[in-house]
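Structure assessment
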Amino acid sequence: MIKDEEKQTGTLTRRASMSDYLSEQVRAIKPSGIRRFFDLASGRKDIITLGVGEPDFVTPWHVREASVYALETGKTQYTSNAGTPELREEIGIYLNREFDVTYDPANEIIVTVGGSEAIDLALRALIEPGDEILVPEPCYISYSPITALSGGVPVGVETFAKDSFKLTAESLRAVITPRSKVLILCYPSNPTGGIMTYEDWLPIAKVVEENDLIVISDEIYAELTYGTKHVSFASMPGMRERTILVSGFSKAFAMTGWRIGYACGHPELISAMLKIHQYTVMCASNMAQVAALEALRNGMEEKDRMIESYNQRRRIIVKGFREIGLDCHEPQGAFYAFPSIAGLGLTSEEFATGLLTKHKVAAVPGDVFGLGGEGHLRCSYATHVNQITEAIERIGLYVRELKGN
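Residues numbered from 1 in each chain as written. Predicted model: local features only at pLDDT ≥ 70, side-chain atom pairs only at ≥ 80, totals over all residues. Heavy atoms only, no water.

Here the focus is the nonpolar core. Judged by nonpolar contacts, the single largest core of 65 residues is most densely connected at Phe 249 and Phe 321. When residues in this core are grouped by element, the largest group, seven residues, is from helix α12 (residues 300-323). Composition of this core by domain shows at least three residues from each of domain 1 (26-58 + 301-403) and domain 2 (61-298). Excluding residues that lie within four positions of it along the chain, Phe 321 makes contacts with Leu 326, Cys 328, Ala 337, Pro 339, Cys 379, Ile 392 and Ile 395. (Core = buried A, V, L, I, M, F, W, Y, C linked by side-chain atoms within 4.5 Å. Buried < 20%, exposed > 50% of the residue type's maximum accessible area, 1.4 Å probe, protein only. Helix = DSSP H or I, 4+ residues; strand = E, 2+ residues; numbered from the N terminus. Domains from an automatic or database assignment. Contact = heavy atoms within 4.5 Å.)

In structure tokens:
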């Protein structure tokens, strides 16, 4: 707004720099701690990267071929805003078969540009300024910034290694206030690899119902469990209507760059998300939707082989950390190990920086994931076994140096 004295003199006060034009919310957000370490390692062949949560597998050929054929035959137009009917129907079939949840493809499923867009849409559709959004931590780093950008207040709920990083009803109740509106869940967990069983979910569902919360359940790692099948929070008694289930194709189907995700939920919630989606991205890529459809119809064998490979790597990396003297919770899902570096005299940031500069291993300091992350290091084992074993050797050398051995 132009001040009165500026109107009278015909002059305007100039902003000191271009950053002064930016919104305060954007200026307050820190850059991604994950990307910072990835960018430092990018292009360096001498560095082993355990940082970014991305499969080292290439998308299966028949999935790529389906997309190429779609391109060659002219499928280059917009699709329905919500996604193609064929893909939404197949997502519904898949979720019912694998996770015992049922959604109407016509009005309860929306295809999005990755799971991240689905989370953003859900939060923007739900948040009024000042609403408190409950986020179990350590967690995926995007939840709190997206909440803040939507005008909400992120509230961390700490989880602990002694509990296998499971969310407990006691911890959840301790942070609930009259402003609490949404609970974000991410199990299997990034960064800890923790999972929740049916028995674990029962008391959480009770707290959700008692406090009239809506749940955004990020289940992008649902397929990646080892020995215990994933239980969708939406499948719990009474929770389907309260839950927006978010998932996608990036992790289990090695399709990170295709940017295809989806959200499922109550028709009124999905309709609200669709309105935002229409005005922002219009629709997900037509060719990528074709690829996702092929993955669901014919990609289960490749998915299972990739998961078995992750399981092998999981055992190797956990055993390796323990052998070099680092306590390491055994991850039961996703593809991350979260070893403790407490007691070595360095913060997580200092340890990760020293590891990168001195021994050429890129991992993510645990503090970027919120409460309970300090004193830990996130290491993705979605990389070749040879890389994992060499990384463990280098980390072990660094640990011995810090201990003076």
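Attention shifts here to empty space enclosed by the protein. The final tally for this structure, using the stated rule, is three cavities of 30 Å³ or more. Considered as a void within the structure, the largest cavity measures approximately 60 Å³ in volume. Taken together, Pro 136, Glu 137, Pro 138, Cys 139, Thr 159, Phe 165, Ile 184, Cys 186, Tyr 187, Ser 189 and Thr 192 make up the full set of residues lining the largest cavity. Those elements giving two or more residues to the lining of the largest cavity turn out to be β3 (132-137) and β5 (180-186). A per-class count over the lining of the largest cavity returns seven nonpolar, three polar and one charged. Of the pockets and cavities examined, the second largest cavity occupies roughly 50 Å³. Lining the second largest cavity are Pro 60, His 62, Val 63, Ala 252, Phe 253, Met 255, Ala 295, Gly 299, Glu 302, Lys 303 and Met 306. (1 Å grid on protein atoms, 1.4 Å probe; cavity = no way out; pocket = protein on both sides within 12 Å on 5 of 7 lines; lining within 4 Å. Points joined across faces, edges and corners; volume = space filled by probe spheres on them. Nonpolar A, V, L, I, M, F, W, Y, C, P; charged D, E, K, R; others polar.)

Once that is clear, we can look at the pattern of salt bridges. Counted according to the given criterion, the structure contains 18 salt bridges. Its salt-bridge partner being Arg 240, residue Glu 108 comes within 2.6 Å of it at the nearest N-O pair. Of the two residues, Glu 108 sits in the loop between α5 (85-99) and β2 (109-112) while Arg 240 sits in the loop between β6 (214-218) and β7 (243-248), which places them 132 residues apart along the sequence. Glu 108 gets classed as buried once you look at its relative accessible area, which sits at 9%. The class of Arg 240 is partly exposed, set by a relative accessible area of 23%. Note that Arg 173 and Glu 210 form a salt bridge whose closest N and O atoms lie 3.5 Å from each other. Separated by 37 residues along the polypeptide, Arg 173 in helix α8 (residues 169-175) and Glu 210 in helix α9 (residues 198-210) bring together distant segments of the chain. (Salt bridge = Lys/Arg side-chain N within 4 Å of Asp/Glu carboxyl O.)

Before going further, it helps to examine the sheet that holds β5. In spatial order, the strands read β2-β8-β7-β6-β5-β3-β4; together these seven strands make up an open sheet with mixed pairing. Each edge of the open sheet is held by one strand with a lone partner, namely β2 and β4 (153-158). With strand direction ignored, the average angle separating the axes of adjacent strands in the sheet is 20 degrees. Relative to β6, β5 runs parallel, the two being bridged by five bridges. Among the inter-strand pairings, Ile 184 is bridged to a residue of β6, identified as Ile 216. (Pairing = 2+ DSSP bridges. Axes fitted to C-alpha atoms, helices over the stretch in contact; angles between N-to-C directions.)

Keep in mind these values describe shape, not function.
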